[in-house]
Structures are given as C-alpha cells and as structure tokens.
Amino acid sequence: LDRIIDGDSYFSSSMLKNNEAFESSKMLADKLTPREIEVLKEICKGFANHEISDRLCISRRTVDGHRASLLDKTASKNTVGLVIYAIKYGLFTVE
C-alpha cells in the first residue's frame, strides 16, 4: 500500500499471469506466417485440404505442410484445437 501511495503501480498476481498468457499467445500468433493464417482461416470455415488448395491456388501438399506447421506452432492435437486456438486469439470470429 505504501508503494501505491508513493505513486508506484500495483498489479495483482492473477492480472500479471493473464497478461503473461496473453503476451505469450500474441508472440506465438506473430510467429504464424500470413499464408498459415490464411490456411487457418480456411480450416475454420470448414474447408477440407483439397478445397483449401483450390481456393488459395496452392498444392494439396503445401496445405498439408501448412496444417502440420500450424498444429506444431499452436500445440494443437487436431483441427478442433486449431479452430479453438484461432477463435481464442482473435484470428477468426464466428459470425
């Protein structure tokens, strides 16, 4: 309390933990390439890999590679995990 009176700031431990989680997730989202984000958005829209390849004019193998990279970078186990990650960190919104 004395520190606040002296003009210092106070942040609760839970607030600091939430901010640390946000910052680490933001840093992770910043590590996604623009193309990975495009692929992730198409995944969130429910498109299969072959449909994504047609929509983005890239090969199916390239989509497979982006999906594998996304799973690795987001520590997701499957497509559901990718969608949850995208919504949680504001990369995709449900309309």
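Just above sits the structure.
Now for a look at the structure at hand. Just so it is clear, the model here is predicted, and its values are computed rather than measured.

As a further point, take the overall build of the protein. If you tally the helices and strands in the protein, you get six helices and zero strands. Helices and strands in the protein line up, N terminus first, as α-α-α-α-α-α. The buried share among the 95 residues of the protein stands at 27%. For the protein, long-range pairs separated by at least 24 residues make up 49% of all intrachain contacts whose partners lie at least 6 apart in sequence. Just so you have it, the protein exposes about 6800 Å², and 55% of that area is on carbon and sulfur atoms.

Attention now moves to the nonpolar core. With 15 residues, the main nonpolar core has V39, L40 and L70 as its most contacted residues. Those elements giving two or more residues to this core turn out to be helix 3 (34–44), helix 4 (49–56), helix 5 (60–74) and helix 6 (79–88).

Across all of its chains, the model carries four salt bridges by this definition. A salt bridge links E42 to R55, with the shortest nitrogen-to-oxygen separation between them at 2.5 Å. With a gap of 13 residues between them, E42 in helix 3 and R55 in helix 4 connect regions that are remote in the sequence. Members of the salt-bridge network, linked through shared partners, are E42, K45 and R55.

Turning next to the packing of helix 3 against helix 5. Relative orientation of the contacting elements helix 3 and helix 5 amounts to 90 degrees, with a least axis distance of 10 Å. Viewed along their axes, helix 3 and helix 5 adopt a mutual orientation that is roughly perpendicular. Taken together, the residues of helix 5 that come into contact with helix 3 (itself represented by R35, E36, V39, L40 and I43) are V63, H66, R67, S69, L70 and K73. Looking at the contact of helix 3 with helix 5 residue by residue, the classes come out as five nonpolar, two polar and four charged.

Procedures and definitions
- Per chain, residues are indexed from 1 in the order of the written sequence.
- Confidence filtering applies because this is a predicted model: local features only for residues at pLDDT of at least 70, side-chain atom pairs given and counted only at 80 or more, and all residues used for totals across whole chains, interfaces and linings.
- The basis for every side-chain value is the complete set of non-hydrogen atoms in the structure, without hydrogens or water.
- Numbered from the N terminus, helices here are DSSP runs of H or I no shorter than four residues, and strands are runs of E no shorter than two.
- We call a residue buried when its accessible area falls under 20% of the maximum for its residue type, exposed when it is over 50%, and partly exposed in between, using a 1.4 Å probe and counting protein chains only.
- Two residues form a contact once any of their heavy atoms are found within 4.5 Å.
- For the area figures, the Shrake-Rupley method with a 1.4 Å probe applies, and any residue is considered shielded solely by the protein chains shown.
- The set of buried Ala, Val, Leu, Ile, Met, Phe, Trp, Tyr and Cys residues whose side-chain atoms join them within 4.5 Å is what this entry labels a nonpolar core.
- Only one rule defines a salt bridge in this text: a Lys or Arg side-chain nitrogen within 4 Å of an Asp or Glu carboxyl oxygen.
- Each axis is a line fitted through C-alpha atoms, and for a helix only the stretch in contact is used; angles between axes span 0 to 180 degrees, taken between their N-to-C directions.
- An angle counts as roughly parallel when it lies under 35 degrees, as roughly antiparallel when it exceeds 145, as roughly perpendicular when it falls between 65 and 115, and as oblique in every other case.
- For this scheme, ten residues count as nonpolar: Ala, Val, Leu, Ile, Met, Phe, Trp, Tyr, Cys and Pro. Four count as charged, namely Asp, Glu, Lys and Arg, and the remainder, Gly too, count as polar.

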